[in-house]
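These are the residues of each chain, in order.
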Amino acid sequence: MKVLLIAPNYRKVYRYVGEEATMILPPIGLAYIAAFLREEGIPVEILDLAALNLDDSQTQEEIERRDPDIVGITAVTNTIEEAYNVSRLAKRSNRKVIVGGAHASILPEQTLEECKDIDITARGEGEHTLLEIARGKPLNEVKGISYRVGNTIVTNPPRPFIKRLDELPFPAWDLLPLKRYWSPGVKRYPFALLVTSRGCPYSCSFCTTRTVLGKEFRSRSPENVIAEVDELVNRYGVKEINIVDDNFTLLPDRAEKICDLLIEREYDLIWKTGNGIRADRVTYPLILKMKRAGCYFLAFGVESGNQKILDLINKGETLEQIRTAVKWAKEARLMTEGFFMIGNDGEGEKEIRETIEFAKELDVDFAQFQIYIPFPGSSHSDKIISEGNLHARSWKDYNAFNKPIFSYGGLTPELMERMQKIAYREYYLRPQIIFRKTLEIRSFKQLKAYFRAALSVLKFQH
């Protein structure tokens, strides 16, 4: 069967952020699945609706033109309604529709119930699942899916996670419109995303990674990682890489070996860990080696400036470890970013204020103060559902640019929104930050993105 993999147009969800400030990132999960299917002889294409910015009529036209037997759609929670819309378009010509990704992995039956145009939901990793369906294997024998039998939804046993990631082919970048991808945080183009591991052994109460990709940390060998880097540089001319692992430095010796191999290559290449690393899983020698290997940017998942809150959300780190890791990164002259969260379990105004002060103490180059989003599948979300109140009107409300969608304990939407405004205003309207941001601008498009962000900060004063 011929397969068409589709990434929804999330520009519709983030439309109030502004075109110039919306990151357009490649759907690397679909690129992995496409490469795997192609290697097994399955005809496959990718249609990235966000990159191409297609409307419904154009999407319908593209589906008809490519004429697939199976349409596979990926979605997170805030894009699942767009996936429903694409499913409706695909079903007009009676294609078999499969929806996967984080949301369908956590709520497979509910996803089918909410959209009658979806035939199958796929949980977890999609490579082997899509292959078996494309080869016509009876659905009752395919692990990791839910599907319809008449008016009944059947859920099969889970599919084991892929143990040996080195056996997977590299993502099918040739099926993606590489020149369409952009982010205000990227310094050099073309750029690519790189995944070197899957799964997470930690139990942070706000996170769903363990639910979707498992608690076992599965890593690619340094040699396999560098072979992909070789392909990205030599075949696609990539100048910058964003390592989007949840735990790139979990095994410091492995990360160091990857750096050694990069240093040997002497590529004209820079890279960063834009998805964040743990402060307790780096050493100063490792950071220095990362710098030598071309790393220019480290992001850290900080979450809170209160130790009791960090303990309550099972972060497994101390404030001192975070201070030390950020200090090391600065001493190595790396750019730094901190991810801070408002709305953690146990927080009130006092604890949020401590997070703001801790952010200013760390003085990272970029600080994100995101209000917690109670995504299905996280333990904190379960608490909010059972003990608090959810105010979301639709799945599209589950995004970082929306107003707070829950009340819990001493946390109200009004308090969280007010403290977020204070955080951004106090952090970014400091003279040293304004000066640093001005020096970072390298293009007119980036200037527009920063200008829009600055306007948002200024609005926070009112």
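Before reading further, recall that the structure is shown in the block above.
First, a word on what this report is: a plain description of the structure on this page. (Residues numbered from 1 in each chain as written. Predicted model: local features only at pLDDT ≥ 70, side-chain atom pairs only at ≥ 80, totals over all residues. Heavy atoms only, no water.)

Examining helix 9 (residues 222–236)
Inclusion rule: Here a strand is any run of E in DSSP of at least two residues, a helix any run of H or I of at least four, and the numbering for each starts at the N terminus. To estimate how far a helix should extend, the number of its residues minus one is multiplied by 1.5 Å. The classification of residues rests on relative accessible area computed with a 1.4 Å probe and restricted to protein chains. Under 20% of the type maximum is buried, over 50% is exposed, and intermediate values are partly exposed. In what follows, residue pairs with any heavy atoms lying within 4.5 Å of each other are defined as contacts.
Here helix 9 is 15 residues long and its end C-alpha atoms lie 20 Å apart, about the 21 Å a rise of 1.5 Å per residue gives. Pro-222, Asn-224, Val-225, Ile-226, Glu-228, Val-229, Asp-230, Leu-232, Val-233 and Tyr-236 are the residues of helix 9 that are buried. Against the buried residues of helix 9 lie helix 1 (28–39), strand 8 (191–194), strand 11 (240–243) and helix 10 (252–265). Count one or two residues on from helix 9 and you reach Gly-237, which has phi positive near 70 degrees.

Quick notes on the pattern of salt bridges
Worth spelling out the cut-off: Only one rule defines a salt bridge in this text: a Lys or Arg side-chain nitrogen within 4 Å of an Asp or Glu carboxyl oxygen.
A full pass over the atoms with the stated rule returns 39 salt bridges. Among the salt bridges present, the one from Arg-38 reaches Asp-174, with a minimum N-O distance of 2.8 Å. Within this pair, whereas Arg-38 is found in helix 1, its partner Asp-174 is found in the loop between strand 7 (152–155) and strand 8, the two being separated by 136 residues in sequence. Across the pair Glu-167 and Arg-164 runs a salt bridge whose closest N-O atoms are separated by 2.9 Å. According to the relative accessible area criterion, Arg-164 is exposed, its value standing at 55%. A single network of salt bridges, built from pairs that share partners, joins Lys-2, Glu-45, Glu-62, Arg-65 and Arg-66.

Notes on the sheet that holds strand 15 (residues 366–371)
To keep it simple, the criterion reads: Here, any two strands with at least 2 DSSP bridges between them count as paired. Note on definitions: angles span 0 to 180 degrees between N-to-C directions of axes, and those axes are lines fitted to C-alpha atoms, for helices only across the stretch in contact.
Pairing is parallel in the open sheet, where six strands are placed in the order 8-11-12-13-14-15. The open sheet is flanked by strand 8 and strand 15, the only strands paired with a single partner. Across this sheet, the average inter-strand angle for adjacent strands is 15 degrees, counted without regard to direction. Bridge analysis of strand 14 (residues 335–342) against strand 15 gives six bridges, and the strand direction is parallel. What sits directly across from Met-341, in strand 15, is Gln-370.

Examining the state of the cysteines
What counts, and what does not: Our working definition of a disulfide is a cysteine sulfur pair at a distance within 2.5 Å.
The tally for this structure, following the rule as stated, stands at zero disulfides. Unpaired in terms of disulfides, Cys-200 finds its nearest cysteine sulfur in Cys-207, a separation of 6.1 Å. The class of Cys-200 is buried, set by a relative accessible area of 11%. Unpaired in terms of disulfides, Cys-204 finds its nearest cysteine sulfur in Cys-207, a separation of 6.3 Å.

Read these as layout, nothing more, since geometry by itself doesn't imply function.
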